[in-house]
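# Overview (structure and organization)
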Amino acid sequence: MSHLLETPSDSSCSTHCRDDAPFSFGMESKTLAFTAVAIACTPFAILLGWNYFLPLLFHIFSQTAGKGFGWCLKKGAEGRRSLIVRVTAENEAKFRESKTKDKDSTTGSDDESWENIEGSMVGSSNNGEKGSRDWDGIVGFFHPSCNAGGGGERVLWAAVRATQKRWPNAKVVVYTGDHDVTKEAMLKRVKNTFSIDIHPPTIHFIYVSTRHWVLASTWPHMTLLGQSIGSVFMGLDAFSLLVPDIFVDTVGYAFVLGLSKILFPNMPTAAYVHYPTISTDMLESLNPKAPTGSQGVNAGKGVGLKGFLKRHYWKIFASIYSWMGATVDVVMTNSTWTQAHIQSLWGPRRKQRGREHPIAVVYPPCAVNEIERAVEISEESEKERQKYLVYIAQFRPEKNHQMVVQSFAEFVKTGTESAKAAKLVLLGSVRDDNDSRRVYKLRLLVNELQIKDQVIFQLDAPWSEILQWLGKAFVGVNGMWNEHFGIGVVEYLAAGLISVVHNSGGPKLDIVTEVDGEPTGAAIAVASYFQIR
């Protein structure tokens, strides 16, 4: 009879209380428990998938679909490969014949002694194949702007030269987008700009048609990711034209190296990293309150909703970038600063993948010996120097020419004895229309600051002219924040100039350092003090 005694209000209260159990969200207890466990495990599942399952899928894909597509690319490019082998043999025969007829040529000239180098001086291989000087395969260098004439191009051509010496019978291929430059004009500029002699018969150029995909102007938004994706398309373009036996990236396109491992898992790869595409310093520069928040082209842009999204976008990109870098067989960096950043980004994943080669510092080639021969440094020669301050750098945004010009204007306004008759000389190559516009804006700035007569622009100056300026200048400057190395700064020191550089990056850690307890220059962090006092 108990059910007869239960009132309607008691029944509704019981049901109401069950439905309003705290944090039930209207779900049964089992469903609620399962949902809570799933939500709690989601971050761990994401980390597990990103660090283990995604690399596993990458490996499976590279061994199946990727490898199959790579085989198709290799078969499709066999015709061009055979042509390169045949043309190389013909050019080598003509070159030898012309040298034999030239009775006046010196026996020990650079053109004839280019291959007189011991293989053991450059390295050896454990498998007895690519370590042999008789190896005659194809080495591909990925450098889409090989005619730019900057420090990165000096590295490229020095690497090409070393490859020719190491393997005299090998064919060297440079993937480039400089369609308007012939082989003869390219090698002539290399000689005039860097004083590097390339053996013509064994060097070839493969012209890609997709270089615009890696230009910043193509990707006004999400530029880092866009350029990296664009480099993949350019890499496919390159491999469709020719698949080398060894692939070397001398620019910094980690995504292309990752692509090469998907398509050709057994092809040796190497990277010479001038500057990490993303770094912890770049992430910190977004925060205006951080020590680096006022530095770089993205200084202080991490505020607000847009800044929040940018920070997280960069962090995700950094993770993908580290994954791509882990695929490279041999990694070289140009400075201690670059090595530290690449080690922090690529090192952990490279260790997971069992990469044995450590990330090494290989300082870029600098024409120190040639400068020492061309520029006299003595008490008498120092008396001949004039009040010139030189800045050797391409006209790129990160080189911070504007800050150097503004600081020089402040220096001129001081009216000190040092400032009187002082002149700033801007030496650099102009790569494209964007660089030309930057030079135009700098000229406008010079006029606005009323220092037109004290600033000299020397665009695309040949090496001989650069040597002349190094011989008569007093000071060499560099205004880039976190300059990856600073070949120009080394050239300043070799020529006996006082170096005034930004207190960061390679110049601070590797170049403008104390020797025997004495300073070799000045590293200054604040723009207003970037001047000679």
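Structure shown above.
In this report, we go over the structure that sits alongside the text. If you're wondering where the values come from, they're calculated on a predicted model, not measured in any experiment.

Basis of the calculations
Residues numbered from 1 in each chain as written. Predicted model: local features only at pLDDT ≥ 70, side-chain atom pairs only at ≥ 80, totals over all residues. Heavy atoms only, no water. Helix = DSSP H or I, 4+ residues; strand = E, 2+ residues; numbered from the N terminus. Contact = heavy atoms within 4.5 Å. Areas by Shrake-Rupley, 256 points an atom, 1.4 Å probe, with all protein chains shown as cover. Pairing = 2+ DSSP bridges. Right-handed = clockwise from strand over helix to strand, strands pointing away. Axes fitted to C-alpha atoms, helices over the stretch in contact; angles between N-to-C directions. Parallel < 35°, antiparallel > 145°, perpendicular 65-115°, else oblique. Left-handed = near helix turned anticlockwise from the far one by under 90°. Nonpolar A, V, L, I, M, F, W, Y, C, P; charged D, E, K, R; others polar. Phe/Tyr/Trp six-rings, centres within 6.5 Å; stacked < 30°, edge-to-face > 60°. Buried < 20%, exposed > 50% of the residue type's maximum accessible area, 1.4 Å probe, protein only. Salt bridge = Lys/Arg side-chain N within 4 Å of Asp/Glu carboxyl O. Expected span 1.5 Å × (residues − 1). Core = buried A, V, L, I, M, F, W, Y, C linked by side-chain atoms within 4.5 Å.

## Overview of the overall build of the protein chain
Within the protein chain, the secondary structure is distributed over 20 helices and 13 strands. Of the contacts formed within the protein chain by residues at least 6 apart in sequence, a portion of 72% connects residues at least 24 apart. Split by element, the accessible area of the protein chain, about 27500 Å² in all, is 58% carbon and sulfur.

## Comments concerning the pairing of strand β10 (residues 455-459)
Here strand β9 (residues 423-428) runs beside β10; their pairing, made up of 5 bridges, is parallel. Residue pairing in the sheet places leucine 426 in a bridge with phenylalanine 457 of β10. In this view, the connection linking β9 to its parallel neighbour β10 by way of helix α17 (residues 433-448) has right-handed handedness.

## Things to note about the sheet that holds strand β2 (residues 171-176)
The strand order across the open sheet formed by 7 strands is β3-β2-β1-β4-β5-β6-β7, and the pairing between neighbours is parallel. At either margin of the open sheet sits one strand with a lone partner, and together these are β3 (203-207) and β7 (360-361). Here 3 bridges tie strand β4 (residues 246-249) to strand β5 (residues 269-273), and the two strands are oriented parallel to one another. Among the inter-strand pairings, phenylalanine 247 is bridged to a residue of β5, identified as threonine 269. Packing against the sheet, helix α9 (residues 223-241) makes contact with β1 (138-142), β2, β3 and β4, and its axis sits at approximately 155° to β1.

## Description of the side chain of threonine 193
One can find threonine 193 in helix α8 (residues 183-194). Setting aside chain neighbours within four positions, we find threonine 193 in contact with Gly149, Arg154 and Trp463.

## Focus on the packing of helix α16 (residues 401-413) against α17
Where α16 contacts α17, the two axes come as close as 11 Å, and the packing angle between them is 15°. On the basis of the axis angle, α16 is roughly parallel to α17. In terms of crossing hand, the pair formed by α16 and α17 is right-handed. For the pair formed by α16 and α17, the contact residues are His401, Gln402, Val405 and Gln406 on the first element and Leu442, Leu445 and Val446 on the second. Here the residues of the contact of α16 with α17 sort into 4 nonpolar, 3 polar and no charged.

## As for the packing of aromatic side chains
Enumeration according to the criterion identifies 18 aromatic pairs in this entry. Seen in terms of ring centroids, phenylalanine 317 and tyrosine 321 are 6.3 Å apart; in terms of plane orientation they differ by 10°. Their pairing is stacked. With a gap of 4 residues between them, phenylalanine 317 and tyrosine 321 both fall in helix α12 (residues 304-325), about one helical turn apart. Accessibility expressed as a relative area gives 2% for phenylalanine 317, which makes it buried. Looking at tyrosine 321, the relative accessible area reads 2%, which means it is buried.

## Thoughts on the packing of helix α7 (residues 151-166) against α8
What describes two packed helices is the angle between their axes and the distance between those same axes. The N-to-C vectors of α7 and α8 enclose an angle of 110°; their axes lie 11 Å apart at closest approach. On the basis of the axis angle, α7 is roughly perpendicular to α8. Relative to α8, α7 is oriented so that their crossing is left-handed. Residue-level contacts link Glu153, Arg154 and Trp157 of α7 to Met186, Leu187, Val190, Thr193 and Phe194 of α8. In terms of residue class, the contact of α7 with α8 is made up of 5 nonpolar, 1 polar and 2 charged.

## Concerning unusual backbone geometry
In this structure, alanine 421 takes a positive phi of about 65° despite not being glycine. Residue classification places alanine 421 among the exposed residues on the basis of a relative accessible area of 64%. Phi is positive for glutamine 450, which is not a glycine, with a value near 60°. Looking at where glutamine 450 falls in the secondary structure, it is placed in the loop between α17 and β10.

## Quick word on the pairing of strand β8 (residues 388-392)
Of all the 5 residues making up β8, 5 are buried; the element is thus mostly covered by neighbouring parts of the structure. The side-chain alternation of β8 yields two buried faces, one formed by Tyr388, Val390 and Ile392 and the other by Leu389 and Tyr391. With 5 bridges connecting them, β8 and β9 associate as parallel partners. Its bridge partner being in β9, tyrosine 388 is matched across the sheet by lysine 423. The sheet contact formed by β8 and strand β11 (residues 475-478) spans 2 bridges and is parallel.

## Things to note about the pattern of salt bridges
Where charged atoms of side chains with opposite charge meet at close range, the side chains can pair. Inspection of every chain in the model, using the stated rule, returns 17 salt bridges. The residue aspartate 460 makes a salt bridge to arginine 189 at a minimum N-O spacing of 3.6 Å. Taken together, the residues aspartate 460 in the loop between β10 and α18 (463-472) and arginine 189 in helix α8 connect sequence positions 271 residues apart. Residue arginine 189 is classed as partly exposed on the basis of its relative accessible area of 25%. The residue aspartate 435 makes a salt bridge to arginine 431 at a minimum N-O spacing of 2.8 Å.

## So, the environment of glutamine 454
In this fold, glutamine 454 is placed in the loop between α17 and β10. Taking the relative accessible area as the measure of exposure, glutamine 454 reaches 18% and is therefore buried. The spacing of glutamine 454 and alanine 421 is 33 residues in sequence and 7.6 Å in space, taken between C-alpha atoms. Not counting chain neighbours up to four residues away, the residues in contact with glutamine 454 comprise Phe408, Val412, Ala419, Ala422, Lys423 and Leu424.

## Overview of helix α4 (residues 78-101)
Its 24 residues give α4 an end-to-end C-alpha distance of 35 Å, which sits within 8% of 34 Å, the value for a rise of 1.5 Å per residue. What α4 keeps buried is the set Ile84, Thr88, Glu92 and Phe95.

## A look at the nonpolar core
The biggest cluster of nonpolar side chains holds 51 residues, and the ones touching the most others in it are Val390, Phe408 and Leu470. For this core, the element with the highest residue contribution is α16, accounting for 6 residues. Setting aside residues no more than four positions away along its own chain, leucine 470 makes contact with Ile371, Val375, Arg385, Val390, Ile392, Glu491, Tyr492, Ala495 and Leu497. Ranked by size, the runner-up nonpolar core spans 43 residues in total, among them Ile138, Phe142, Val173 and Ile342.

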